[in-house]
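Examining the three-dimensional arrangement
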Amino acid sequence: MSNVRPLLVGITGGIGSGKSTVCKLFSLLGIPVYTADDRAKWLMSNDAELRNQISSTFGATAYSSTGELNRIFLAESVFPNPKKIAELNALVHPAVRKDFEQWIAQQTAPYLIKEAALLFETGAAKELDHVINVSSPLRVRMARVLLRDLHRSEEQVNQIINQQLPDEEKNELADFCIKNTDNKLLISQVLEVHAQLLSFAFTA
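Our subject in this report is the structure included herewith.

Inspection of the entire model under this criterion finds 4 aromatic pairs. Taking 5.0 Å as the distance between ring centres and 55° as the angle between the ring planes, the aromatic pair formed by Tyr 34 and Phe 100 counts as tilted. Linking Tyr 34 in strand β2 (residues 33–35) with Phe 100 in helix α5 (residues 82–104), this pair joins segments that are 66 residues apart in sequence. The class of Phe 100 is buried, set by a relative accessible area of 4%. Relative to Trp 103, the ring of Tyr 34 lies with its centre 5.4 Å away and its plane at 55°, an arrangement referred to as tilted.

Below, the structure written as structure tokens:
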């Protein structure tokens, strides 16, 4: 393969929309997927520079006595506070961006996928060639999350939803929309988008 940079494609969607399921389908088609939210959690626990920045900003309580990320503290003291979330994002997003660039350099596929819940909200979508939004009705998303994340309350899920752009706005901003509803087959939608992205990649 040449040294031409592959197409960078974002997959986003509200909590419970089914982003992970869609990404698994792309993975089965041989497309590498970078899961930004998972990597962010890993970096917060393992990247020494980021750990120091988080501790300096939020205090020693951000990590346990054994050095593990204090997720309860973050959930109770940081996530409900928009100002603190902005401070945390200002530390985490540059670390994720650097990690993503290193990951890109190791890939050889015609296009790559970056999965993240807040692509539009953080401005990260501007760094990508195309964006796919996974869309699903709000009531369905809520039911999925409460069934999946037993540690979350409905109030906590609503807090997360309120930090994300509504589906309607994301659909307008995205280049592709995959509808994850009972009457829409995901596989056929993914195959259609995959074919279009391959055509873009090989004509770029």
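Anyway, onward from the coordinates.
Under the criterion given, the structure shown has 6 salt bridges. Two residues, Glu 127 and Arg 97, come together in a salt bridge whose shortest N-O distance is 3.1 Å. Here the residue Glu 127 occupies a position in the loop between α6 (119–122) and β4 (130–135), and Arg 97 occupies one in helix α5, the gap between them amounting to 30 residues. Look at Glu 127 and you get partly exposed, because its relative accessible area is 41%.

Cut-off values and rules
- Residues numbered from 1 in each chain as written.
- Predicted model: local features only at pLDDT ≥ 70, side-chain atom pairs only at ≥ 80, totals over all residues.
- Heavy atoms only, no water.
- Phe/Tyr/Trp six-rings, centres within 6.5 Å; stacked < 30°, edge-to-face > 60°.
- Helix = DSSP H or I, 4+ residues; strand = E, 2+ residues; numbered from the N terminus.
- Buried < 20%, exposed > 50% of the residue type's maximum accessible area, 1.4 Å probe, protein only.
- Salt bridge = Lys/Arg side-chain N within 4 Å of Asp/Glu carboxyl O.

All quantities given are derived from atomic positions and should not be read as evidence of function.
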